[in-house]
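The residues making up each chain are set out below.
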Amino acid sequence: MVSAGWCLLAAMIVAYGVANLLQSVAATRTTLRHSFDPGLLLRLACQPAYLAGLGCQALGFGLAFLARRDLPLFLVQAAVAAGLGVTALLGVLLLRWRLPASEVVLLVLLLVGITALVLAARPAHSRPIGPAVLFALVAALALVAMLGAVAVRLRGVPGSVALGALAGLAFSAAAIAARPLASADSFGEFARDPLLYLLVAHSVVGQLLLGLAMQRGSTTAAVAAMDAAGALPAAVVGLLLLDDKIWPGREWLAALGFLLTLTTVIALTRYAQPQSHRKGRAPSYRFLYRKGPLLTPVAYTSASGRRRRTTRS
């Protein structure tokens, strides 16, 4: 079971990394929205890239759900952030993203933090949650939706950060619901548990907020803010209420790894720059016009300064 948990965790990281990339491409090709409009999900669903990304995210979600059966929330939620490294690597290789040196350094530090958490985490089953936590999850759903309706008015990287952070809170609540739900003994018990429907509701709200965040131009900022906001609440609730465990004597390593991971993803929201999904820059031309009854282009210069003549009809 322990070996299966680690394999599920590694596969989850890859699935989330591919999902982030595909959904980012689809979101930037969709008309920018400045309202909390659920119809955005329908427009995104018309794009094959988004559907493929959604499939990868569903796969990652399923792998994370199974991993949470044995692995503590602080590890699984922090490991989701490692998918950002996969996204960045694929963006550089396939879409010709140009990552600044600061982002490269931060992604390396993120890997170090995740490694420390893996070494410190002790697999264990979750304990059931009480009515108070259930009510808190319902209240969190309403609060995140209301804040999202306000944050959607922000533009650029600040909008990516704010909406991405709210998406992270929604996904964090979904993770808290998933940890005890994964320990259900039968399908009937699983289907009757109200945690299942809270998990679905938080996931839908988080998906909408993430799509709005990616529309504002910076995939790195949106995903990093999501991971940063989603890691801390889940880690605290897991350790205090869900019986998450750390290997004896490795508490310092867990604290160091979590602090490094959280600091890194927050820093990524600070240094992130908007990415372009075009495979190459279109040539820039400056046309020269001859005076007459109509302004007729007679020549142009390319970005390199080379002068060329046009053909006239």
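Owing to the predicted nature of the structure, the values given are computational and were not obtained by experimental measurement.

Scoring rules and cut-offs
Throughout, a residue's number is its position along its own chain's written sequence, starting from 1. Since the coordinates come from a predicted model, pLDDT governs what is reported: local features require at least 70, and pairs of side-chain atoms require 80 or more to be given and counted, while whole-chain, interface and lining totals use all residues. Calculated side-chain values reflect all of the structure's heavy atoms, with hydrogen atoms and water omitted. Each helix corresponds to a stretch of at least 4 residues labelled H or I by DSSP, and each strand to a stretch of at least 2 residues labelled E; elements are numbered beginning at the N terminus. Any residue under 20% of the maximum accessible area for its type is buried, any over 50% is exposed, and the rest in between are partly exposed; the area is computed with a 1.4 Å probe on protein chains only. In what follows, a contact means two residues having at least one pair of non-hydrogen atoms within 4.5 Å. The Shrake-Rupley method, run with a 1.4 Å probe, gives the accessible areas here. Residue values count only the displayed protein chains as cover. Cavity means a closed set of points on a 1 Å grid over the protein atoms alone, one where a 1.4 Å probe fits but cannot get out, pocket means an open set with protein on both sides within 12 Å along at least 5 of 7 lines, and lining means a residue has an atom within 4 Å of a point. Grid points are joined across faces, edges and corners, and a volume is the space filled by probe spheres set on the points. Here the term charged refers only to Asp, Glu, Lys and Arg, the term nonpolar to Ala, Val, Leu, Ile, Met, Phe, Trp, Tyr, Cys and Pro, and the term polar to all other amino acids, Gly among them. What a helix is expected to span follows from its residue count: subtract one and scale by 1.5 Å. Two joining distances apply to patches: 9 Å for like charges and 5 Å for nonpolar side chains (Val, Leu, Ile, Met, Phe, Trp, Tyr), and every residue must have over 30% relative accessible area and no salt bridge. By definition, a salt bridge exists where a carboxyl oxygen of Asp or Glu is found within 4 Å of a side-chain nitrogen of Lys or Arg. For Phe, Tyr and Trp, rings pair up if their centres lie within 6.5 Å, where Trp contributes its six-membered ring, and each pair is then called stacked (planes under 30 degrees apart), edge-to-face (over 60) or tilted (otherwise). Only C-alpha atoms enter the line fits that serve as axes; for helices the fit covers just the stretch in contact. Angles between N-to-C directions range over 0 to 180 degrees. Here roughly perpendicular refers to angles of 65 to 115 degrees, roughly parallel to angles under 35, roughly antiparallel to angles over 145, and oblique to all remaining angles. It is the rotation of the near helix from the far one that decides the hand of a crossing: anticlockwise by less than a right angle makes it left-handed, clockwise makes it right-handed.

Enquirer: Can you help me understand the overall build of the protein in this one?
Expert: The helix and strand inventory of the protein stands at 11 helices and five strands. Burial analysis of the protein (313 residues in total) assigns 48% to the buried set. Of the contacts formed within the protein by residues at least 6 apart in sequence, a portion of 80% connects residues at least 24 apart. Accessible area of the protein: about 15,500 Å², with a carbon and sulfur share of 68%.

Enquirer: Would you explain the layout of surface pockets in this entry?
Expert: Over the atoms, a rolling probe the size of a water molecule traces out where space has been left empty. The computed volume of the largest pocket comes to approximately 420 Å³. Lining the largest pocket are 21 residues; nearest its centre among them are Y16, Q57, F61, F171 and S203. If you list the elements that add at least two residues to the lining of the largest pocket, you get helix 1 (2-28), helix 3 (48-67), helix 4 (73-94), helix 7 (156-181), helix 9 (194-215) and helix 10 (219-241). By residue class, the composition of the lining of the largest pocket is 12 nonpolar, seven polar and two charged.

Enquirer: I'm lost on helix 7 in this one. Help?
Expert: One full turn of an α-helix is made of 3.6 residues, so residues set three or four places apart face in the same direction. Given a rise of 1.5 Å per residue, 26 residues ought to cover 38 Å, and the 37 Å separating the end C-alpha atoms of helix 7 matches this to within 8%. When you tally the buried positions in helix 7, you get 19 out of 26 residues, the bulk of the element.

Enquirer: Help me out: how do you make sense of empty space enclosed by the protein in this one?
Expert: Per the stated rule, a full pass over the model turns up one cavity of 30 Å³ or more. Looking at the largest cavity, its volume works out to about 40 Å³. Lining the largest cavity are A78, A81, D227, A231, F258, T261, L262 and V265. For the lining of the largest cavity, the elements supplying multiple residues, two or more each, are helix 4, helix 10 and helix 11 (251-271). The dominant element in the lining of the largest cavity, judged by the number of residues it contributes, is helix 11, at four residues. Looking at the lining of the largest cavity residue by residue, the class counts come to six nonpolar, one polar and one charged.

Enquirer: Please explain a nonpolar patch on the surface as it appears in this structure.
Expert: On the surface, L232, V236, L239, L240 and L241 cluster together into a nonpolar patch covering about 430 Å² of accessible area. By the element assignment, L232 lies in helix 10. Given the relative accessible area of 41%, L232 is considered partly exposed.

Enquirer: Sorry if this is basic, but what is going on with the packing of aromatic side chains here?
Expert: Geometrically, a pair of aromatic rings is defined through the distance of the ring centres and the angle of the planes. In the structure shown here, the tally under the stated rule is two aromatic pairs. Relative to F190, the ring of F65 lies with its centre 6.0 Å away and its plane at 80°, an arrangement referred to as edge-to-face. On the criterion of sequence distance, the pair formed by F65 in helix 3 and F190 in helix 8 (residues 187-192) is long-range, its members being 125 residues apart. Through a chain of ring-to-ring contacts, the aromatic side chains of F65, F187 and F190 assemble into a single cluster.

Enquirer: Explanation requested: the packing of helix 7 against helix 9 in the structure shown.
Expert: In a pair of packed helices, the angle between the axes and the distance between the axes together describe the arrangement. Contact pair helix 7 / helix 9: the axes reach a minimum separation of 8 Å and the direction vectors enclose 160°. Classified by the angle between their axes, helix 7 and helix 9 sit roughly antiparallel to one another. Considering how the two elements wind past one another, helix 7 and helix 9 form a crossing that is left-handed. Class assignment of the residues belonging to the contact of helix 7 with helix 9 gives a composition of 18 nonpolar, six polar and no charged.

Enquirer: So what exactly am I meant to see when it comes to the pattern of salt bridges here?
Expert: A pair can form between side chains of opposite charge whenever their charged atoms are brought close. On inspection of all chains with the given rule, the structure shows three salt bridges. Note that R127 is salt-bridged to D243, the shortest N-O span being 3.6 Å. One end of the pair, R127, is in the loop between strand 1 (121-122) and helix 6 (131-151); the other, D243, is in the loop between helix 10 and strand 2 (245-246), with 116 residues separating them in the sequence. Here R127 falls in the partly exposed class, since its relative accessible area comes to 38%.

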